[in-house]
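A structural walkthrough
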Amino acid sequence: MSPESSGEGSSPTDACVVPGCGAESARHLSLAEARRAFPDLPEKGRRAPLCREHYRAWKKATKEARTLDRLGW
Ligand SMILES: [Zn+2]
């Protein structure tokens, strides 16, 4: 719930990049960043749209990298 201007203007809504999810993206990360939490992301451009849930998971995973196994992927 915090709209953040990334300076990229308005882009069409992308689907979450996490395989099997496909929810509406809430945040965009660089693919490299996203891969820190989701290593098996497809090589598809340089940006990785994440839905709200996966963004939260990403934040958590990058913050506490050692509790990754709790996430189950
Ligand atoms: Zn997702």
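As the structure is a prediction and not an experimental result, all values here were calculated from the model.

A separate point is the overall build of the protein chain. Secondary structure summary: the protein chain contains two helices and two strands in total. From first element to last, N terminus to C terminus, the protein chain shows the α and β order β-α-β-α. The 73 residues of the protein chain split such that 21% are buried. Long-range contacts, defined here as pairs at least 24 residues apart, represent 41% of the contacts in the protein chain between residues at least 6 apart.

With that settled, consider the nonpolar core. Counting twelve residues, the largest nonpolar core consists of Cys16, Val17, Val18, Leu29, Ala34, Ala37, Phe38, Ala48, Leu50, Cys51, Ala57 and Trp58. When contributions to this core are tallied by element, the ones reaching two or more residues are strand S2 (47-50) and helix H2 (52-63). Once residues lying within four places of it in the same chain are set aside, the contact partners of Val17 are Ala34, Leu41, Ala48, Pro49 and Leu50.

To continue, consider the environment of Asp40. Along the chain, Asp40 turns up in the loop between helix H1 (31-35) and S2. Once the C-alpha coordinates of Asp40 and Val18 are considered, the two residues, 22 residues apart in sequence, prove to be 8.4 Å apart.

A word on H2. Here H2 contains twelve residues, and its C-alpha end-to-end distance of 16 Å stays within 8% of the 16 Å for a straight helix at 1.5 Å per residue. Listed as buried for H2 are His54, Ala57 and Trp58. Here the buried residues of H2 occupy an arc of 105 degrees about the axis, which is enough to place them on one side. Against strand S1 (27-30), H1 and S2 lie the buried residues of H2.

Turning to its location among the elements, Ala37 is positioned in the loop between H1 and S2. The spatial distance from the C-alpha of Ala37 to the C-alpha of Thr62 is 6.2 Å, given a sequence separation of 25 residues. Sequence-distant contacts of Ala37, that is, excluding residues within four places in its chain, are made with Ala57, Trp58, Ala61 and Thr62.

What follows deals with the environment of His28. Assignment of secondary structure puts His28 in strand S1. For the pair His28 and Arg47, spaced 19 residues apart in sequence, the C-alpha to C-alpha distance is 6.5 Å.

Cut-offs and rules
Residues numbered from 1 in each chain as written. Predicted model: local features only at pLDDT ≥ 70, side-chain atom pairs only at ≥ 80, totals over all residues. Helix = DSSP H or I, 4+ residues; strand = E, 2+ residues; numbered from the N terminus. Buried ≥ 20, exposed ≤ 12 C-beta atoms within 10 Å, placed from the backbone. Contact = placed C-beta atoms within 7 Å. Core = buried A, V, L, I, M, F, W, Y, C linked by C-beta atoms within 7 Å. Expected span 1.5 Å × (residues − 1). Arc of directions from axis to C-beta.

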